[in-house]
Amino acid sequence: QVQVVESGGGLVQPGGSLRLSCAASRFIFSMYAMSWYRQAPGKERELVAALASAGGSTIYKNSVKGRFTISRDNAKNTVYLQMNSLKPEDTAVYYCRARNPGNDYWGQGTQVTVSS
């Protein structure tokens, strides 16, 4: 009944850009806080960026500040992660997460590889 699906991953060269999309369905998208996480091989999953359900408040991992931007389009039930100035250390599987007090949904992830 609830779907959270990421897309937009791929291979990009260092310094390049990529935009990830997260499409959610079957719930009231605007009532959920949205976030992006990533997990590199052998490492813990970490928060990359988050956007509150109201007020437009954002949080970013320190290493991506100034390079990544999270945004949402409630009409399209979609959250985005614009990634600029990509570095090899950004390589990971990126996951979208939708949360409210009673629910917690994860997408299956999309691979981002930054390599020359």
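Being a predicted model, the structure only gives us computed values, none of them experimental.

Colleague: Please clarify how the environment of asparagine 103 should be interpreted in this entry.
Modeller: When you line up the elements, asparagine 103 lands in strand β10 (residues 103-106). Exposure remark for asparagine 103: the relative accessible area of 27% places this residue in the partly exposed category. Spatially, the C-alpha atoms of asparagine 103 and asparagine 74 are 18 Å apart, while their sequence positions differ by 29 residues. Not counting residues up to four positions away in its chain, the partners in contact with asparagine 103 are Tyr32 and Ala98. One polar contact links asparagine 103 to tyrosine 105, side chain to side chain, over a distance of 3.0 Å.

Colleague: What exactly am I supposed to notice about the state of the cysteines here?
Modeller: Working definition of a disulfide: a covalent bond connecting the sulfur atoms of two cysteines. All chains considered together, the criterion is met by 1 disulfide. Each disulfide pairs two cysteine sulfurs, and for cysteine 22 the partner residue is cysteine 96, the sulfurs being separated by 2.0 Å. On the sign convention where negative is left-handed, the bridge of cysteine 22 and cysteine 96, at about -85° about the S-S bond, is left-handed. Linking cysteine 22 in strand β3 (residues 18-25) with cysteine 96 in strand β9 (residues 92-100), this pair joins segments that are 74 residues apart in sequence. There is no split in this pair, since cysteine 22 and cysteine 96 are both buried.

Colleague: Mind showing me how you'd approach the sheet that holds strand β8 (residues 78-83) here?
Modeller: Hydrogen bonding along the main chain pairs the strands of a sheet, whether they run parallel or antiparallel. What the 4 strands build is an open sheet, ordered β1-β3-β8-β7; its pairing is antiparallel. This sheet does not close on itself; its edge strands, each paired only once, are β1 (3-7) and β7 (68-73). Between one strand and the next, the sheet's axes are offset by a mean angle of 15°, whatever the strand orientation. Bridging between β3 and β8 involves 6 bridges; their strand directions are antiparallel. By the bridge assignment, leucine 20 is partnered in β8 with leucine 81.

Colleague: For this particular structure, what's the right way to read the pattern of salt bridges?
Modeller: Side chains that carry opposite charge are capable of pairing whenever their charged atoms lie near each other. A full pass over the atoms with the stated rule returns 5 salt bridges. Glutamate 46 is the partner of arginine 38 in a salt bridge, and the nearest nitrogen-oxygen pair spans 2.8 Å. Residue class for arginine 38 comes out buried when judged on its relative accessible area of 5%. On the basis of relative accessible area, glutamate 46 is assigned to the partly exposed category, the value being 27%. The salt bridge involving glutamate 46 is made with lysine 61; its shortest N-O contact spans 3.1 Å. Of this pair, glutamate 46 sits in strand β5 (residues 46-51) while lysine 61 is found in the loop between β6 (58-60) and β7, placing the two residues 15 residues apart along the sequence. According to the relative accessible area criterion, lysine 61 is partly exposed, its value standing at 26%. Taken together, the salt bridges that share partners define one network made up of Arg38, Glu46, Lys61, Arg67 and Asp90.

Basis of the calculations
Residues numbered from 1 in each chain as written. Predicted model: local features only at pLDDT ≥ 70, side-chain atom pairs only at ≥ 80, totals over all residues. Heavy atoms only, no water. Helix = DSSP H or I, 4+ residues; strand = E, 2+ residues; numbered from the N terminus. Buried < 20%, exposed > 50% of the residue type's maximum accessible area, 1.4 Å probe, protein only. Contact = heavy atoms within 4.5 Å. Polar contact = N/O pair within 3.5 Å; in protein donor to acceptor, adjacent residues only side chain to side chain. Disulfide = S-S within 2.5 Å. Pairing = 2+ DSSP bridges. Axes fitted to C-alpha atoms, helices over the stretch in contact; angles between N-to-C directions. Salt bridge = Lys/Arg side-chain N within 4 Å of Asp/Glu carboxyl O.

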